[in-house]
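Per-entry structural report
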Amino acid sequence: MTNGVANIRYIFGNITLLNHSSILTATQFGFIISYHRMAALSLSLLVLLAAVSSCQGRGATGSKTVSPPPKNESANAKKCPPSFSRGWGDEINWVQTYEEGLFKARKSNRPLMVIHHLEECPYSQALKKAFAEDKEIQKMAKEDFVMLNLVFETNDKNLWPDNQYVPRIIFVDPSLTVRADIRGKYDNRLYTYEAGDVDLLASNMKTAKILLKHEL
């Protein structure tokens, strides 16, 4: 004590000056100590919460990254989804319905080629494999035709002139006329093709293109 003044130093470095005449009881002294400790603890918690909130805020913003598109994204976007091609050629731009095919055939002035097939038919699967592997057919299908493959029959009876069977390929010109004259080589199924008939199919595709140009 100096000059009747008691210096009480708290653990937080603050100094409180008290008159010597104002003697504190033990209870009062303990209350003051507890009060200052609680105030310091509350301040520390506020600082800690502010720091955590700041870190979370930066994390939510900073951690949001956008992966760059793959280099071949634009090329893949041009490809027809495999669900539309069903294995007949993913590079071909297939239409989804017969109505869409007729509309695009007329608008683009290209013949429509309709392939009827079934997934569980071994003849359809064999023809599909040969069709997908033939580069000439794939090129013509991609560039010169509107292409449609169906695993169900349509209501247009013109698409099954001699009955319903698979595989069956029918050509329709832009005037919306079914080309019943372009056939395969089998008398009992005029519009069917087998895996070994891809050369005939390619020839018929060329015929469809030539006749279309001549008729126009």
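Keep in mind it's a predicted model, so treat the numbers as computed, not measured.

1. Points about the environment of Met 140
Within the element layout of this structure, Met 140 appears in helix α6 (residues 135–144). Judged by relative accessible area, which is 6%, Met 140 ranks as buried. The spatial distance from the C-alpha of Met 140 to the C-alpha of Ala 202 is 8.4 Å, given a sequence separation of 62 residues. When neighbours within four sequence positions are excluded, Met 140 is seen to be in contact with Phe 145, Ala 202, Met 205, Lys 206 and Lys 209.

2. Overview of the nonpolar core
Ranked by size, the top nonpolar core spans 22 residues in total, and within it Met 113, Phe 131, Met 147, Phe 171, Leu 201 and Met 205 carry the most contacts. When contributions to this core are tallied by element, the ones reaching two or more residues are β3 (112–116), α5 (122–133), α6, β5 (168–172) and α7 (198–215). Looking at which element gives the most residues to this core, the answer is α7, with five residues. What Leu 201 contacts, discounting residues up to four positions off in sequence, is Met 113, Phe 131, Ile 137, Ile 169, Phe 171 and Tyr 193. Core analysis: the second largest hydrophobic core is formed by 16 residues, Val 95, Tyr 98, Ala 105 and Leu 150 among them.

3. Topic: the environment of Met 113
Positionally, Met 113 belongs in strand β3. You can call Met 113 buried: its relative accessible area is 0%. Spatially, the C-alpha atom of Met 113 lies 6.0 Å from that of Ile 170, the residues being 57 residues apart in sequence. For Met 113, the residues in contact, after removing those within four places along its chain, are Phe 131, Phe 145, Val 146, Met 147, Leu 148, Ile 169, Ile 170, Phe 171, Leu 201 and Met 205.

4. Some thoughts on the pattern of salt bridges
For the coordinates displayed, the defined rule picks out nine salt bridges. One salt bridge connects Glu 133 with Lys 129, and the closest N-O pair in it is separated by 2.9 Å. Pair noted here: Glu 133 and Lys 129 are both in helix α5, with a separation of four residues, about one helical turn. We classify Glu 133 as exposed; its relative accessible area is 53%.

About the cut-offs
Residues numbered from 1 in each chain as written. Predicted model: local features only at pLDDT ≥ 70, side-chain atom pairs only at ≥ 80, totals over all residues. Heavy atoms only, no water. Helix = DSSP H or I, 4+ residues; strand = E, 2+ residues; numbered from the N terminus. Buried < 20%, exposed > 50% of the residue type's maximum accessible area, 1.4 Å probe, protein only. Contact = heavy atoms within 4.5 Å. Core = buried A, V, L, I, M, F, W, Y, C linked by side-chain atoms within 4.5 Å. Salt bridge = Lys/Arg side-chain N within 4 Å of Asp/Glu carboxyl O.

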